[in-house]
Amino acid sequence: MLYRTRSYQVFTIANTIFLSLLGLLCILPLIHIFAVSISSRAAATANIVNFWPVGFTTDAYVKTLGNEKFLRSLWIGAERTVLGTIVSMAVVTMASYSLSKTSLKFPGRQIYMWLFVFTMLFSGGLIPSYILITKLHLIDSIWSLVLPTAVSVWNMILMLNFFRTIPVDLEEAAYIDGAGHLRVLWSVYLPVSMASIATLSLFTMVFHWNSWFDGVIYMSNPDGYPLSSYLHSMIVSDNLSRIGVTSDSIANFSSRTIKTAQIFIGALPILLVYPFLQKYFVKGIVLGSVKS
Amino acid sequence: MISYWRKTWPFHLLLLPAIVLCIIFSYIPMTGIIIAFEDYQPWVGMKNSPWVGFDQFHYLFTYPDGKQIIWNTLLIAFFKLLFNLVIPIVFALLLNEVRKVVFKRVVQTLVYLPHFLSWVILGGILIDILSTEGGIVNRVLESFGVHDIFFLGNGQWFRFTVIVSDVWKEFGFSAIIFLATLVGIDPSLYEAAEIDGATRWQQVMSITVPLMMPIVIVVATLSLGRILDAGFDQILNIYNPLVYSHGDIIDTFAYREGLNNAQFSFGTAVGVFKSVVGLVLIIISYRLAYKWANYRIF
């Protein structure tokens, strides 16, 4: 009855229009970039492309995927994403098992917990980390992109909270059968946690794919850049040339269609996993915020 | 002691990789903070570089642009925190009024998306659409009779762009926590209010808003800890020398001076200043959140 009053009906219409516009606002820039990337070079340069390609062509993508430097970065980006996710998930899962135990079962748990949590609050900062990587001779090594970020305390907290929801009966049955903790983790915890592990892996993959700053500082040569770092240096020089700070830079070398194609390829993996991400992240956040 | 290890060794073993990585990559860099109090020279090493005490910190505040950079940081971060609180709340309230489940889902799917794209991608998009050489935003403004706006080349507009684009990226995602609260409100409260003849507006003002207040207070308080985080990732992707005066923040300054200009000690000092202030603010904000809304993590 309430929802039939005239003023509420007016509100509903206005609200629907407003929310639709808001939703469109979030996706239109991406659609525009995509439309430019599949338009003809002339149309893109003349700035007549809006949200639909003008003079459809896949030239920009053919050229981008024929660019050796781009392909190398794409490969390094994929490599760090896969390696980084595997290492991080392995380390985090093992640690979370121990941390999910109560202090009664595992005295000393609290000390470890605080060691990890403190790193969320305070860090040595950029330059000491850089000096460390230099001293470890990890400059130009893919491990400089994998190891420093492997211990994700946030993921650890989500994971240990999940482990705590596993019924105790399940593992106690295994102990009675003579299984040790390592066995329980492997044969009891992991099989029932596959959904959670998959979710956290997906988030870790997105994190690695999107990371660009470590690539820029830890790779002394742009040939070693993962895709995100490569795109960063591309857009920075693009920006400088548009602003007029530098003229005839390398950025001007490639056309607008190619730049937008590269950006779109960079976004594509995220767009592809997004439906799966969306299914889980609401749960993840709520889980993380309500648990003790 | 022996029985302790016999009982718990598997736990320690499983924690070993994480704790080793954590010590190497988090705690060892913390000891590197010492170079903030030295005049560090890479070829001499941390142990033998000359000790200068607080000179580097002093330099930050006497540096011609030092105050400007701190001001830029506070200003940009403050408006980001403010709008990233208010807009998600309003958005969540409006979305909560939508009855059509499919429409609701579609809107949510669209507004959460930018959160997952990196500032490299979004920076590239911004540079393209905000261009003064026929970027789509300036073309749309042109049709309203507004002349080219130099979004990324004018200091004031740059700040505006940084704040608005950050809100654009995050408002949907920030709204999730409020939406979760709204969904959790007991429907019988609304039914009772309806029987008493309350209009929808009255219901929102006297049921929804008061029930949202605790979580709003928590989010607002916790965000205080980030008042020095003006968005390193974002600004590094879209700034340029033309807007250093208005857009340079503590983090970007520390990076430029510290690594690009190899002023290792000064860069570290700037970083330490920010870390310490940040740590103090986080502790205060968590205490306040606990006091005001009984909020605890761990």
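None of these values were measured; they are calculated from a predicted model. Counting from 1, residues in each chain are numbered in the order their sequence is written. To read the labels, note that chains go from A and ligands from 1, taken in the order they are written. Per-residue local features of the predicted model are confined to residues with pLDDT of at least 70, and side-chain atom pairs are confined, for both listing and counting, to 80 or more; whole-chain, interface and lining totals are unaffected and use all residues. Hydrogens and water molecules were not included; the side-chain quantities draw on all heavy atoms of the structure.

Asker: Hey, could you run me through the overall build of chain B in this one?
Answerer: Only DSSP runs of H or I covering at least 4 residues are called helices, and only runs of E covering at least 2 are called strands; the numbering of each starts at the N terminus. Helix and strand counts for chain B come out as 13 helices and 0 strands. Element order for chain B, N to C, with α for helix and β for strand: α-α-α-α-α-α-α-α-α-α-α-α-α. Each radius of gyration is computed over the set of C-alpha atoms, and the globule rule expresses the reference value as 2.2 Å times the number of residues to the power 0.38. Taken over the C-alpha trace, chain B has a radius of gyration of 25 Å; the compact-globule value for 298 residues is 19 Å, which it surpasses by more than 25%. Each principal axis of the C-alpha distribution contributes one length, and for chain B these read about 80 × 75 × 30 Å. In this scheme, a residue with accessible area under 20% of its type's maximum is buried, one over 50% is exposed, and one in between is partly exposed, where area comes from a 1.4 Å probe on protein chains only. Taken over 298 residues, chain B has a buried fraction of 53%. In what follows, a contact means two residues having at least one pair of non-hydrogen atoms within 4.5 Å. By sequence separation, contacts in chain B at least 24 residues apart represent 63% of the contacts at least 6 residues apart. A total of about 14,200 Å² of accessible surface is found on chain B, and carbon and sulfur atoms cover 68% of it. Note on areas: these come from Shrake-Rupley sampling with a 1.4 Å probe, and a residue is covered only by the protein chains present in the view.

Asker: Help me understand the confidence of the model for chain B, please; the structure alone is not making it clear to me.
Answerer: When pLDDT is low, close inspection of the predicted coordinates is not appropriate. Looking at chain B, the pLDDT average stands at 90 and 99% of residues meet or exceed 70. Confidence scores labelled pLDDT are given residue by residue by the predictor and lie between 0 and 100. The least confident element of chain B, judged by mean pLDDT, is helix α2 (residues 55-62) of chain B at 86; the most confident is helix α5 (residues 119-129) of chain B at 95.

Asker: Sorry, what's going on with a nonpolar patch on the surface here?
Answerer: A cluster of nonpolar side chains, L182 of chain A together with M1, W5, W9, L13, L16 and V20 of chain B, forms an exposed patch at the surface whose accessible area comes to about 720 Å². Looking at the element boundaries, M1 of chain B is found in the segment before α1 (2-31). A residue is classified by how much of its surface remains accessible, and M1 of chain B, at 70% relative accessible area, is exposed. In this analysis, a patch consists of residues with relative accessible area above 30% that form no salt bridge, clustered at 9 Å for like charges and at 5 Å for the nonpolar side chains Val, Leu, Ile, Met, Phe, Trp and Tyr. A pair is scored as a salt bridge if a Lys or Arg side-chain nitrogen falls within 4 Å of a carboxyl oxygen belonging to Asp or Glu.

Asker: I tried to follow the packing of aromatic side chains on my own but got confused; where do I start?
Answerer: Each aromatic ring pair is summarised here by two numbers: the centre-to-centre distance and the angle between the ring planes. Stacked, tilted and edge-to-face are the three classes assigned to paired rings of Phe, Tyr and Trp, where Trp is represented by its six-membered ring and a pair needs centres within 6.5 Å; plane angles under 30 degrees give stacked, over 60 edge-to-face, the rest tilted. The final tally for this structure, using the stated rule, is 35 aromatic pairs over all chains. Aromatic side chains F106 of chain A and F11 of chain B sit 4.7 Å apart centroid to centroid with 35° between the ring planes, which places their arrangement in the tilted category. With F106 of chain A in the loop between α4 (68-99) and α5 (109-121) and F11 of chain B in helix α1, the pair connects residues from two separate chains. With a centroid separation of 5.1 Å and 85° between ring planes, the pair formed by W157 of chain B and F160 of chain B is classed as edge-to-face. In this pair, W157 of chain B and F160 of chain B are both assigned in helix α7 (residues 155-183), 3 residues apart and thus about one turn of the helix distant. W157 of chain B gets classed as partly exposed once you look at its relative accessible area, which sits at 33%. You can call F160 of chain B partly exposed: its relative accessible area is 43%. By way of ring pairs, the aromatic residues Y97, F106, Y112, F163 and Y189 of chain A together with F11 of chain B are connected into one cluster. Here the guanidinium or amino end of R200 of chain B rests over the ring plane of Y190 of chain B, the centre of that ring lying 5.0 Å away. Over the aromatic face of Y244 of chain B sits the side chain of R256 of chain B, whose NZ or CZ is 3.9 Å from the ring centroid. Look at NZ for Lys and CZ for Arg. If either is within 6 Å of the ring centre and within 35 degrees of the ring normal, a charge sits over the ring.

Asker: In this structure, what is going on with the UniProt feature "domain: ABC transmembrane type-1" (unreviewed entry) in chain B? I would like to understand it.
Answerer: UniProt positions are given in the numbering used here, feature names are shortened, and annotations may be inferred rather than shown by experiment. UniProt marks residues 70-285 of chain B with the feature "domain: ABC transmembrane type-1" (unreviewed entry), using the numbering shown here. The span residues 70-285 of chain B carries 78% helix and 0% strand; its end-to-end C-alpha distance comes to 20 Å.

Asker: How do you make sense of the environment of D148 of chain B when you look at a structure like this?
Answerer: Among the secondary structure elements, D148 of chain B is positioned in the loop between α6 (136-143) and α7. With relative accessibility at 43%, the residue D148 of chain B sits in the partly exposed group.

Asker: Sorry if this is basic, but what is going on with the side chain of R256 of chain A here?
Answerer: Here R256 of chain A shows up in helix α14 (residues 256-290). One polar contact links R256 of chain A to H32 of chain A, side chain to side chain, over a distance of 3.5 Å. Setting aside anything within four residues of it in sequence, one finds R256 of chain A in contact with H32, V36, A44, N47 and R242 of chain A together with D128 of chain B. Under this definition, polar contacts are N or O atom pairs within 3.5 Å; protein pairs additionally need one hydrogen-donor-capable and one acceptor-capable atom, and for neighbouring residues in sequence, both atoms have to be side-chain atoms.

Asker: Can you help me understand the domain arrangement of chain A in this one?
Answerer: The parts lose accessible area when they come together, and the size of an interface is often stated as this lost area. All names here are of chain A. Each domain span listed reflects an automatic or database assignment of domains. According to the domain assignment, chain A contains domain 1 (2-57) and domain 2 (61-290). Just the C-alpha atoms count here: the centres of domain 1 and domain 2 sit 32 Å apart. When two parts are put together, the accessible area they lose, computed with a 1.4 Å probe and summed over both, is reported as buried area. Carbon and sulfur atoms supply 69% of the area that domain 1 and domain 2 bury against each other, a total of about 960 Å² over both sides. Sorting the residues of domain 1 by area buried against domain 2 places I33, S37 and R41 first, and these three jointly supply 45% of that buried surface. Here domain 1 and domain 2 share 0 salt bridges between them. Taken together, domain 1 and domain 2 are joined by 4 residue pairs in polar contact (both at pLDDT 80 or more). Residue assignment for the side of domain 1 that touches domain 2 shows that the elements contributing at least two residues are α1 (6-37) and α2 (41-45). Ranked by residues supplied to the side of domain 1 that touches domain 2, first place goes to α1 with 6 residues. When its residues are assigned to classes, the side of domain 1 that touches domain 2 shows 6 nonpolar, 5 polar and 1 charged. Residues are grouped as follows: nonpolar covers Ala, Val, Leu, Ile, Met, Phe, Trp, Tyr, Cys and Pro; charged covers Asp, Glu, Lys and Arg; every other residue, Gly included, is treated as polar.

Asker: Explanation requested: the packing of helix α3 (residues 66-96) of chain B against helix α4 (residues 101-116) of chain B in the structure shown.
Answerer: All names here are of chain B. The axes are straight lines fitted to the C-alpha atoms, using for helices just the contacting stretch, and the angles between their N-to-C directions are given from 0 to 180°. Two elements in contact, α3 and α4, have axes separated by 11 Å at closest approach and are oriented at 160°. As the angle between them shows, α3 and α4 are arranged roughly antiparallel. Along this stretch, α3 crosses α4, giving a crossing that reads as right-handed. In this structure, α3 uses F91, L95 and N96 to contact α4, whose residues at the interface are K104, V107, Q108 and V111. To sort the angles, those under 35 degrees are grouped as roughly parallel, those over 145 as roughly antiparallel, those from 65 to 115 as roughly perpendicular, and the leftovers as oblique. By convention, the crossing between two helices is left-handed when the near helix turns anticlockwise from the far helix through less than a right angle, and right-handed when the turn is clockwise.

Asker: Honestly, the UniProt feature "transmembrane region" (unreviewed entry) in chain B in this entry has me stumped. Any pointers?
Answerer: All names here are of chain B. Taken from the UniProt record, the annotation "transmembrane region" (unreviewed entry) applies to residues 12-37, 69-94, 106-127, 171-192, 204-224 and 264-289. The span residues 69-94 shows a helical share of 100% and a strand share of 0%, and its end C-alpha atoms are spaced 37 Å apart. As annotated, residues 204-224 comprises 95% helix and 0% strand, and the C-alpha atoms at either end are separated by 27 Å.

Asker: What am I meant to see in the UniProt feature "transmembrane region" (unreviewed entry) in chain A here?
Answerer: All names here are of chain A. UniProt's feature table lists "transmembrane region" (unreviewed entry) at residues 12-35, 81-99, 111-133, 145-163, 184-209 and 260-277, given in the numbering used throughout. Helix makes up 100% of residues 12-35 and strand 0%, with an end-to-end C-alpha separation of 33 Å. Its end C-alpha atoms 25 Å apart, residues 260-277 is made of 100% helix and 0% strand.

Asker: Explanation requested: the interface of chain B and chain A in the structure shown.
Answerer: Of the residues lining the interface, 92 residues belong to chain B; the matching set on chain A comes to 101 residues. Taking both sides of the interface into account, the surface hidden between chain B and chain A amounts to around 8,500 Å²; carbon and sulfur atoms contribute 77%. The interface formed by chain B and chain A holds 1 salt bridge in total. Measuring nitrogen to oxygen at the nearest pair gives 2.8 Å for the salt bridge that ties R256 of chain A to D128 of chain B. Applying the counting criterion to the chain B and chain A interface returns 19 residue pairs in polar contact (both at pLDDT 80 or more). The element best represented in the side of chain B that touches chain A is α1 of chain B, accounting for 20 residues. Its residues assigned to classes, the side of chain B that touches chain A comprises 64 nonpolar, 20 polar and 8 charged.

Asker: How should I be thinking about the confidence of the model for chain A in this particular structure?
Answerer: Per-residue confidence for chain A gives a mean pLDDT of 88, with 91% of residues at or over 70. Here residues 288-292 of chain A is modelled with pLDDT under 50, and outside its nearest four sequence neighbours on either side it reaches 6 contacts, counting other chains as well.

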